[in-house]
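Tertiary structure, described
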Amino acid sequence: MGSSKDIIYEFEKALLSLDKIETKRLLNNENINLTPNEIVSQIVVPAMERIGESWQEGNLALSQIYMSGRICETLIDELLDSSSNKRKNQPNMGIAVLDDFHFLGKRIIHSQIRSAGFEIKDYGRKTVEGLVSSIIEDKIEIIFISTLMYPSALSIKLVKEKLSDLAPNVKIIVGGAPFNMDKKLWKEVGADAMGSDGVEALKFINQIIKE
Amino acid sequence: MNTMTSLQRVLTALGQKEPDRVPLFLLLTMHGAKELGMSIKEYFSKGENVAKGQLLLREKYGNDCYYAFFYAPIEVEAWGADVIYREDGPPNSGEPLIKNIDDILKLKPPVVKGNLALEKNLECIRLLKENGADEVPIIGVVMSPFSLPVMQMGFEKYLILMHEHPETFEHLMKLNEEFIVSWANAQIEAGATAITYFDPVSSTSIIPRELFLKTGFQIAKRTISKINGPTAIHLASGRCLPIIDDLAQTGTAIVGTSVLEDLVEVKSQCNGRLTVLGNLNGIEMCRWTKREAENAVKDAIDKAAAGGGFILSDNHGEIPYQVSDEIIMTIAETTRKYGKYPLKR
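Here the structure is a predicted model, which means the values were calculated and not measured. (Residues numbered from 1 in each chain as written. Chains lettered and ligands numbered in written order. Predicted model: local features only at pLDDT ≥ 70, side-chain atom pairs only at ≥ 80, totals over all residues. Heavy atoms only, no water.)

1. Digging into the overall build of chain A
Looking only at helices and strands, one finds 11 helices and five strands in chain A. Relative to the 2.2 N^0.38 estimate, which gives 17 Å for 211 residues, the radius of gyration of chain A is 17 Å and therefore close to what a compact globule would have. Taken across its 211 residues, chain A has 55% of its residues classed as buried. Sequence-distant contacts in chain A: of pairs separated by 6 or more residues, those separated by 24 or more amount to 71%. Of the roughly 9500 Å² of accessible surface on chain A, 47% is carried by carbon and sulfur atoms. Where the 26 positive side-chain charges of chain A centre and where its 30 negative ones centre are 1 Å apart. (Helix = DSSP H or I, 4+ residues; strand = E, 2+ residues; numbered from the N terminus. Rg over C-alpha atoms; globule rule 2.2 N^0.38 Å. Buried < 20%, exposed > 50% of the residue type's maximum accessible area, 1.4 Å probe, protein only. Contact = heavy atoms within 4.5 Å. Areas by Shrake-Rupley, 256 points an atom, 1.4 Å probe, with all protein chains shown as cover. Lys, Arg positive; Asp, Glu negative; His and termini not counted. Charge placed at Lys NZ, Arg CZ, Asp CG, Glu CD.)

2. Topic: the packing of helix α6 (residues 104-115) of chain A against helix α11 (residues 198-210) of chain A
All names here are of chain A. Packing of α6 against α11 brings their axes to within 9 Å, and their N-to-C directions diverge by 50 degrees. In terms of their interaxial angle, α6 and α11 are classed as oblique. The element α6 and its partner α11 pack so that their crossing is right-handed. Across from Ile109, Gln112 and Ile113 in α6, the residues of α11 making contact are Gly198, Val199, Ala201, Leu202 and Ile205. (Axes fitted to C-alpha atoms, helices over the stretch in contact; angles between N-to-C directions. Parallel < 35°, antiparallel > 145°, perpendicular 65-115°, else oblique. Left-handed = near helix turned anticlockwise from the far one by under 90°.)

3. Overview of the pairing of strand β3 (residues 142-146) of chain A
Residue and element names in this part refer to chain A. Burial runs high along β3: five of the five residues are buried. The side-chain alternation of β3 yields two buried faces, one formed by Ile142, Phe144 and Ser146 and the other by Ile143 and Ile145. Pairing analysis gives five bridges linking strand β1 (residues 93-98) to β3, with the strands arranged parallel. Note on β3: the bridge partner recorded for Ile95 is Phe144. Pairing of β3 with strand β4 (residues 171-175), which is carried by five bridges, proceeds in the parallel orientation. If you follow Ile143 over to β4, its bridge partner there is Ile172. Crossover connection from β3 via helix α8 (residues 150-166) to parallel β4: handedness right-handed. (Pairing = 2+ DSSP bridges. Right-handed = clockwise from strand over helix to strand, strands pointing away.)

4. Some thoughts on the packing of aromatic side chains
Residues and elements named next belong to chain B. The tally for this structure, following the rule as stated, stands at 12 aromatic pairs over all chains. Geometrically, the ring pair formed by Phe44 and Tyr71 is edge-to-face, given 5.4 Å between the ring centres and 80 degrees between the ring planes. Taken as a pair, Phe44 in the loop between α3 (40-43) and α4 (47-61) and Tyr71 in the loop between β1 (66-67) and α5 (74-78) lie far apart in primary sequence, 27 residues in all. Exposure remark for Phe44: the relative accessible area of 0% places this residue in the buried category. For Tyr71, a relative accessible area of 0% gives the class buried. Residue placement shows Lys34 over the ring face of Tyr321; its charged tip is 4.6 Å from the ring centre. For Arg58, the ring lying beneath its charged end belongs to Tyr66, and the centroid distance is 5.8 Å. (Phe/Tyr/Trp six-rings, centres within 6.5 Å; stacked < 30°, edge-to-face > 60°. Lys NZ or Arg CZ within 6 Å of the ring centre and 35° of its normal.)

5. Some thoughts on the nonpolar core
Core analysis: the biggest nonpolar cluster contains 198 residues, and Phe11(A), Ile113(A), Phe144(A) and Ile331(B) have the highest contact counts within it. It is helix α9 (residues 166-190) of chain B that provides the largest number of residues to this core, a total of 11 residues. Summarising the domain contributions, this core has at least three residues from each of domain 1 (4-79) and domain 2 (93-210) of chain A. Setting aside anything within four residues of it in sequence, one finds Phe11(A) in contact with Thr23(A), Leu26(A), Leu27(A), Ile43(A), Val44(A), Ala47(A), Cys72(A) and Leu75(A). (Core = buried A, V, L, I, M, F, W, Y, C linked by side-chain atoms within 4.5 Å. Domains from an automatic or database assignment.)

6. As for the domain arrangement of chain A
Residues and elements named next belong to chain A. The domain architecture assigned to chain A consists of domain 1 (4-79) and domain 2 (93-210). Relative to domain 2, the C-alpha centre of domain 1 lies at a distance of 24 Å. A combined buried area of about 1400 Å² lies between domain 1 and domain 2, and 60% of that area is made up of carbon and sulfur atoms. Sorting the residues of domain 1 by area buried against domain 2 places Met48, Tyr66 and Glu73 first, and these three jointly supply 38% of that buried surface. Seen at the junction of domain 1 and domain 2, the total is three salt bridges. With a shortest N-O distance of 3.1 Å, Arg107 and Glu73 are connected by a salt bridge. Contributions of two or more residues to the side of domain 1 that touches domain 2 are made by α4 (36-56) and α5 (62-79). (Buried area = accessible area lost by both parts, 1.4 Å probe. Salt bridge = Lys/Arg side-chain N within 4 Å of Asp/Glu carboxyl O.)

7. Considerations on the sheet that holds strand β8 (residues 275-280) of chain B
Residues and elements named next belong to chain B. With parallel pairing, seven strands are arranged side by side in an open sheet as β1-β4-β5-β6-β7-β8-β9. Unpaired on one side and paired on the other, β1 and β9 (310-314) mark the two borders of the sheet. Relative to strand β7 (residues 254-256), strand β6 (residues 231-234) is paired through three bridges, and the arrangement is parallel. Counted as the bridge partner of Ile233 is Val255 from β7.

Pasting the structure below:
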């Protein structure tokens, strides 16, 4: 087996070629002598970071991000059983599509966060009121909100307003096409940050954990 | 003073020559409802409303087309899916009509003639044709056979279909092509001057070029060749630069460009083969000041208008409902003032 740089590169290549067998072979811990958590942090996350950078530069397509995330998620589920204690100590997190009917962005971020060894509640589609109730009920600390339609993005303002009274410490991270098109929009809707992809979402999670 | 009709202006630009001024396509859909004092749902319930709305909008802003586009899910509505309306934005498609991949084998495309959703759109085109007196291009719209499944079955299932079930994918494309060709030609027959072929899934923002060449590209070539009128491929905010040469081979005349790409580069890559349509940022437009609107129009004209082959519009193919009349008016007035040929530098 080559150096960890080579493995990351080979793993990224296999993911983008949708070669499930090769990805599985590369992560086989008998070959690389790493613990499951080390495999995630030293191979999977760096490969996802490289893929995320290429996406942001316009060199990769959404379908590649989705399909590679899907493969990663299955591999990681096999490595880290979600019911075991191998998943990380982490803030309580949720993800939802707000007032919208476009689920792919949420699915991709959900899959990438889980591929990095975190657990996150998937709320599917929620209205403003429904999402705020779930956040309170589940004691969510970080909520990821995905939108495709511009009016849905504006609805995040209402979530922020309601949370300001009921749970002011909840961090709101937004993403989706309107935020990619208008880099100031996330501030306008009162979010704490925006992410163009799962890697940016992971950076934010790690930042919160450090704090 | 205008020295050309809108149609002459657009045709001259398409011929890669400079008309009297830069043509402007204000791709307004829901703003017609505001003009008529109606809810969006009521407005889109009749072809007559949308035709009236388009006539009023052109009278107000003096742009160079009638845009006979209702809403993205009109085609899936024709297949039997629900459309979900909201008060402040475009209607969305509801639950996908294809729940499981196997359902595709049982699907039958709808017949255009007599279909309630499509007939109201055709009625709108007929009314615009009666009022346009052949001086204003009427832009019809179809969702490409390749992009339609996002609404037919949901994006995630569609990506799985495309990657893992090639035979069923081909079957769905066959059904969609048959339907879309017949839908596009019904619009041409009703009086549409050209058809916008919305194909966001073909953008390299969504799929890599290698996959596009095997899928969306072949489908676009087959479909566009059967549409009895000129077409514009619009990738609805998605990137087009890496596939410009391929798009030029589909037989289309125009490409709608993304704000994510530089207009100078897009114009240069089109190299006279395609007319560039774009690319004002529709989302930022919602909070533009008048000065910002003027600057954006001037910047786009400076970058892409020289020599013709350019139509100014937003980058998505639909201006958001939240964009104010004042900003739309500023865009129109700046285009008239600053977009006169020969361009002042």
